[in-house]
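# An overview of the molecular structure
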Amino acid sequence: MIAIIITGHGHFASGILSSLELIAGKQDKLTAIDFTAGMTSSDVHDHLSHVLNSEDETLILCDLLGGTPFKVAATLMENTPEATVNVLAGLNLAMLIEAIFARQTDVTFDELVAKILTSSKEGILDWKSLSEQEESPTDDDGGI
């Protein structure tokens, strides 16, 4: 199973993990690394290095392109050529849900990355445009 590491500023990573677990339950090979006040890029590097297993295919999902967690993860990926790693920025809950369910199928690592990128982009919508396309609003009190 493809390992997933989520990271971001503040408690973003642990927060989105909490949301995911509310929806989908506890997940194997899924780790959250928060980048909180007082931490340095070296601290993030140490946490990522500790979790990263070069025997696993690992997807690192970061909150922001160019932020410290992203830069550290990208550098670690470049400096660990023996590992199969990719780093994606712009993490959102739709992206994470797609990642954990898609990795349970027989997709390749690269197919998983492509699938996640597509679903995360398609998950960004505005209600005004969406509601104008529908014939009538849907009453759904259940939610996810």
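Heads up: these notes are all about the structure in this document. (Residues numbered from 1 in each chain as written. Predicted model: local features only at pLDDT ≥ 70, side-chain atom pairs only at ≥ 80, totals over all residues. Heavy atoms only, no water.)

Okay, helix H4 (residues 93–102) next. Burial in H4 covers these residues: Met 95, Leu 96, Ala 99, Ile 100 and Ala 102. Tucked into the core, H4 has its buried residues touching strand S1 (3–9), helix H1 (12–24), strand S2 (30–35), strand S3 (57–62), strand S4 (84–89) and helix H5 (109–122). (Buried < 20%, exposed > 50% of the residue type's maximum accessible area, 1.4 Å probe, protein only. Helix = DSSP H or I, 4+ residues; strand = E, 2+ residues; numbered from the N terminus. Contact = heavy atoms within 4.5 Å.)

Listing the buried residues of helix H3 (residues 68–78) in full gives Pro 69, Phe 70, Val 72, Ala 73 and Leu 76. End-on, the buried residues of H3 take up no more than an arc of 165°, which puts them together on one face. On its buried face, H3 is in contact with S1, S2, helix H2 (41–51), S3 and S4. (Arc of directions from axis to C-beta.)

Turning our eyes to something else, we now look at the environment of Thr 31. Looking at the secondary structure, you find Thr 31 in strand S2. Given the relative accessible area of 26%, Thr 31 is considered partly exposed. Thr 31 sits 14 residues away from Leu 17 along the chain, and the two C-alpha atoms are 8.3 Å apart. Excluding its chain neighbours within four sequence positions, the residues that come into contact with Thr 31 are Ile 4, Ile 5, Ile 6 and Val 51.

Attention now moves to the environment of Ser 49. Relative to the assigned elements, Ser 49 resides in helix H2. The partly exposed category is assigned to Ser 49, whose relative accessible area is 32%. With 31 residues separating them in the primary sequence, Ser 49 and Thr 80 have C-alpha atoms 9.9 Å apart.

These results come straight from atomic positions and should not be treated as a statement about function.
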